[in-house]
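Below, each chain spelled out in residue letters.
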Amino acid sequence: GADRIRIAAPHILSRAFFPAWLQRLQQPFGDARLSIPSADLPDCLHVLQAAEADFLVTFSDPLDSIGARLPALRQVSALPRVRLGTERLVPVSAPSISGGPLHALGRTQPAISFPPYSDNCSLGWIVENHLRHRHDLPRLLRHHDSSLAEGLTAMALVGLGIAWLP
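Here we summarise the structure given alongside this text.

What counts, and where the lines are drawn
- Residues numbered from 1 in each chain as written.
- Predicted model: local features only at pLDDT ≥ 70, side-chain atom pairs only at ≥ 80, totals over all residues.
- Heavy atoms only, no water.
- Buried < 20%, exposed > 50% of the residue type's maximum accessible area, 1.4 Å probe, protein only.
- Helix = DSSP H or I, 4+ residues; strand = E, 2+ residues; numbered from the N terminus.
- Pairing = 2+ DSSP bridges.
- Core = buried A, V, L, I, M, F, W, Y, C linked by side-chain atoms within 4.5 Å.
- Contact = heavy atoms within 4.5 Å.
- Salt bridge = Lys/Arg side-chain N within 4 Å of Asp/Glu carboxyl O.
- Phe/Tyr/Trp six-rings, centres within 6.5 Å; stacked < 30°, edge-to-face > 60°.

**Points about the pairing of strand β1 (residues 4-10)**
For β1, a buried count of 5 out of 7 residues is recorded, marking the element as mostly surrounded by other parts of the structure. Across 3 bridges, β1 lies against strand β2 (residues 33-35) in parallel orientation. Counterpart to isoleucine 5 in the pairing with β2 is leucine 34. The pairing of β1 with strand β4 (residues 55-56) spans 2 bridges and is parallel. Residue pairing for β4: alanine 8 is matched across the bridge by leucine 56. Here 2 bridges tie β1 to strand β3 (residues 38-39), and the two strands are oriented parallel to one another. Note on β3: the bridge partner recorded for proline 10 is alanine 39.

Laid out in structure tokens, this is it:
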């Protein structure tokens, strides 16, 4: 019955998830206004705890990478929750002249450039934790980072390495 529903979410979800989801909700929610304040996950959690948001949408993973880095999230885990969807991360590289990836995954290379998500990005916590468990990759060189997937996409497409993107 609220005329405004506030959903706190990390920046990446505002771009990767919400546009299509909001389109599906538009008719059932009628005139209700859905507001999505975006920030880094710790700030989103603070907004929820301060009752400045009605819901929090975030990523999760089987290794609980986010809960390990942000224990306060575990405190609200007793609240009701719903899985809204799944996301798959894929490695993206600029193409080489031959059409294959400029930066390929595989042990034949001693190292590859890898622009990671910034330290404050919860999606980066998931990527880093999963990569730590992968022993089939070459050494990853972390020269540049970004808290925005668009930034990592641009880096990968100009040849600065492999970025894991939704």
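**So, the nonpolar core**
The biggest cluster of nonpolar side chains holds 41 residues, and the ones touching the most others in it are Leu13, Phe18, Phe59, Ile66, Leu73, Tyr117 and Leu131. Those elements giving two or more residues to this core turn out to be β1, α1 (11-16), α2 (18-29), α3 (41-49), α6 (122-132), α7 (149-157) and β8 (163-165). Sorting elements by how many residues they give to this core places α6 first, with 5 residues. Among all residues touching tyrosine 117, those that are not within four sequence positions of it are Leu123, Gly124, Val127, Asp145, Ser146, Ala149, Leu152, Trp164, Leu165 and Pro166.

**Overview of the pattern of salt bridges**
Taken as a whole and judged by the stated rule, the model has 4 salt bridges. A salt bridge links aspartate 54 to arginine 6; its shortest N-O distance comes to 3.2 Å. In this pair, aspartate 54 sits in the loop between α3 and β4 while arginine 6 sits in strand β1, placing the two residues 48 residues apart along the sequence. Close ionic contact of arginine 134 with aspartate 136 constitutes a salt bridge, the shortest N to O distance being 2.8 Å.

**A few points about the packing of aromatic side chains**
Here the structure, examined in full by the defined rule, presents 4 aromatic pairs. Ring centres 5.7 Å apart and planes at 70° place the aromatic pair phenylalanine 18 and tryptophan 21 in the edge-to-face group. Of this pair, phenylalanine 18 and tryptophan 21 both sit in helix α2, 3 residues apart, which is roughly one turn of the helix. With respect to burial, phenylalanine 18 and tryptophan 21 carry one shared label: buried. Note on phenylalanine 114 and tryptophan 164: the rings are 5.3 Å apart at their centroids and 80° apart in plane angle, and the pair reads as edge-to-face. In this pair, phenylalanine 114 is assigned in the loop between β6 (111-113) and α6 and tryptophan 164 in strand β8, connecting sequence segments 50 residues apart. Assigned by exposure class, phenylalanine 114 and tryptophan 164 land together as buried. Through a chain of ring-to-ring contacts, three or more aromatic side chains come together here, namely Phe17, Phe18 and Trp21.

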